[in-house]
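Results of the structural survey
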Amino acid sequence: MAPVSPNSATPAVEAHGARIPLLGLGTWELRGRACTRLVERALRLGYRHVDTAEMYDNEREVGEGLRASGIKRDEVFVTTKIWPSHFAPRELERAARDCLVRLRLSEVDLLLLHWPNPQIPLAETLGALAKVKRDGLARHIGVSNFTVALIEQAVRETSEPLICDQIECHPYLDQSKVIAACRKHGMAVVAYSPIARGGAQGDAVLEQIGLAHGKSAAQISLRYLVQQGIVVIPRTSKVQRLEENLALFDFALTEGEMLEIRALSQRKGRIVDWSWSPQWD
Ligand SMILES: NC(=O)c1ccc[n+]([C@@H]2O[C@H](COP(=O)([O-])OP(=O)(O)OC[C@H]3O[C@@H](n4cnc5c(N)ncnc54)[C@H](OP(=O)(O)O)[C@@H]3O)[C@@H](O)[C@H]2O)c1
């Protein structure tokens, strides 16, 4: 993964030729007109990256928000994800086309496998994902919720570069092994739940560091990640928080502050429930 491009208006990371804006809008649980409005407002405020999924049941509204914003299509990085029940090759291609119909786009910037699915050979799914890319439905492809072992397998078996692993990542979870595996293979890390589903707010350490910078605990949590070149996709249902979550690029944490935040992390610090998901290791 190349370092952050410091001079661009929207800071970004580069991975296998893709330029991924470091800040995106997460949209899980945003629905209907509220979703359209938030996407529109976020883009008008300066966001250039939106994260959705077929499972979120909001791709229509995300596409509407994109058009309502008036921002040119090629200036916005749009990610969607295929649900594991659609990983059989023919199913995956159909699901990708359905995503584009709902978004009313001719291609997405990034198409991800949402979670691993041990029922279907990964090589077959990756073959279909690569074909979807070659057919022009997605500019880039990647994975989500892949462990180190799965990243290694996926990199061996894919015919097209995988540009990222989208994983749970915030100050309370030690993801150093997965991050190292991504870096080894030139993949970006995209952090979901980057403010620990709101849990960063009220944290004594983050609040204290925030005081020194005139920032909130949520902003410190996000800055901690982007300062490591990790892409963040915080979600909010509140227009006023869109601006707060965008204001990450006008200050820097000291090395000491970075270490203090790192000390909060634990191997078992996951907040997203994986128990429903078939585990590979
Ligand atoms: N690939 C995957 O499997 C996967 C899994 C989970 C999530 N994701 C993606 O990642 C995105 C973000 O993750 P997430 O939604 O789980 O969690 P998150 O972004 O860490 O947290 C969202 C929560 O934080 C609150 N919040 C937002 N900004 C805040 C601020 N400045 N101060 C205090 N609280 C704030 C929001 O409440 P308000 O609405 O009240 O602001 C919301 O309850 C999702 O929306 C989705 O796009 C992907």
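Our structure is the block above this text.
Presented here is an overview of the structure given in this document. (Residues numbered from 1 in each chain as written. Predicted model: local features only at pLDDT ≥ 70, side-chain atom pairs only at ≥ 80, totals over all residues. Heavy atoms only, no water.)

Moving on, we come to the pattern of salt bridges. Evaluation of the coordinates by the stated rule reveals 17 salt bridges. Across the pair Arg 139 and Asp 109 runs a salt bridge, and its minimum N-O distance is 2.9 Å. Of the two residues, Arg 139 is situated in strand E8 (residues 138-144) and Asp 109 in strand E7 (residues 108-113); the sequence distance between them amounts to 30 residues. Under the relative-accessibility criterion, Arg 139 is labelled partly exposed at 41%. For Asp 250, the salt bridge is made with Lys 215, and the minimal N-O distance between the two is 2.9 Å. (Salt bridge = Lys/Arg side-chain N within 4 Å of Asp/Glu carboxyl O. Helix = DSSP H or I, 4+ residues; strand = E, 2+ residues; numbered from the N terminus. Buried < 20%, exposed > 50% of the residue type's maximum accessible area, 1.4 Å probe, protein only.)

Arg 197, Arg 235, Thr 236, Ser 237 and Lys 238 are the nearest of the 29 residues found near the ligand. Contacts to the ligand include Thr 27, whose backbone N or O atom sits 3.2 Å from an oxygen atom. Taken by itself the ligand offers 900 Å² of open surface, and the protein chains cover 92% of this. Spatially, the ligand is embedded in the largest pocket. Per element, the largest residue contribution to the shell around the ligand is three residues, and it comes from helix H9 (residues 239-246). When its residues are assigned to classes, the shell around the ligand shows 10 nonpolar, 12 polar and seven charged. (Near = heavy atom within 4 Å. Polar contact = N/O pair within 3.5 Å; in protein donor to acceptor, adjacent residues only side chain to side chain. Areas by Shrake-Rupley, 256 points an atom, 1.4 Å probe, with all protein chains shown as cover. 1 Å grid on protein atoms, 1.4 Å probe; cavity = no way out; pocket = protein on both sides within 12 Å on 5 of 7 lines; lining within 4 Å. Sits in = over half its atoms within 2 Å of the grid points. Nonpolar A, V, L, I, M, F, W, Y, C, P; charged D, E, K, R; others polar.)

Further remarks concern the side chain of Thr 236. By the element assignment, Thr 236 lies in the loop between strand E11 (231-232) and H9. Given the relative accessible area of 5%, Thr 236 is considered buried. At 3.0 Å, the side chain of Thr 236 and the backbone nitrogen of Lys 238 are in polar contact. The contact partners of Thr 236, leaving out residues within four places of it in the chain, are Leu 30, Leu 38, Arg 241, Leu 242 and Asn 245. (Contact = heavy atoms within 4.5 Å.)

This part is about the sheet that holds E7. Backbone hydrogen bonds hold the strands of a sheet together, and the pairing may be parallel or antiparallel. The eight strands lie next to each other as E4-E5-E6-E7-E8-E9-E10-E11, forming an open sheet whose pairing is parallel. The sheet terminates laterally at strand E4 (25-26) and E11, the two strands that pair on one side only. Pairing between strand E6 (residues 77-82) and E7: four bridges, direction parallel. Each residue of the ladder has a partner; that of Lys 81, found in E7, is Leu 112. (Pairing = 2+ DSSP bridges.)

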